[in-house]
Amino acid sequence: MGMKKLRSEIYLLEKNISKENQRIYFNQLIKCKNPKFFSKSYSGNYAALITSSICPVSIDIEKKKPLTHEQMDIFISFMFNCKDCISYSKAQQENFFKLWGIKEVYSKYFGEGLYIDFKEISIEQDELNRYKVSYKNKNHVTVKIVEQNNYVVAYICNHFKGEK
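As annotated in an unreviewed UniProt entry, the protein chain is 4'-phosphopantetheinyl transferase domain-containing protein from Enterococcus haemoperoxidus ATCC BAA-382.

By the element assignment, E120 lies in the loop between helix 3 (90-109) and strand 5 (121-125). Separated by 41 residues in sequence, E120 and M79 place their C-alpha atoms 8.3 Å apart. Not counting residues up to four positions away in its chain, the partners in contact with E120 are S134, Y135 and K136.

This next bit is on unusual backbone geometry. Positive phi is not limited to glycine here, since K136 has a value of about 50 degrees. A residue is classified by how much of its surface remains accessible, and K136, at 48% relative accessible area, is partly exposed. Of note, N137 is a non-glycine position whose phi angle comes to about 65 degrees, a positive value. Summarising the element assignment, N137 is placed in the loop between strand 6 (131-135) and strand 7 (138-148).

Basis of the calculations
- Residues numbered from 1 in each chain as written.
- Predicted model: local features only at pLDDT ≥ 70, side-chain atom pairs only at ≥ 80, totals over all residues.
- Heavy atoms only, no water.
- Helix = DSSP H or I, 4+ residues; strand = E, 2+ residues; numbered from the N terminus.
- Contact = heavy atoms within 4.5 Å.
- Buried < 20%, exposed > 50% of the residue type's maximum accessible area, 1.4 Å probe, protein only.

Right, dumping it as structure tokens:
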């Protein structure tokens, strides 16, 4: 008798649902599906959930919003070894949210959260628009990005429905 493996799924809840109801819905969904692995993230009025029964997963959602020079200075000093890595242009601010999402989803994946040194997380983009990420040149993973409606969703998972 063969066992059916469940693949991973991503759920996004839109802004017309309150944050408390988002949490309730996700908790009910997790209880119902009973995945071995799951990760949740909230930003602005949106929420994201990724589940898997076969592999560890991580997800982060970030709302793109204008940042002041002071805010950029704080984030840049937290995330990078040099201030020159990102400028204050609008295009660079949008890139910032992608980089933040990649680094945060990586730190969540390994259970470190904001306790990991974000300056030591390396990111390399490949030709398929995936991001190869590592910490001090160890623990290499691939992060995928989806951008939509002024939001960036970064996630890590090896198996999805419909993917081989």
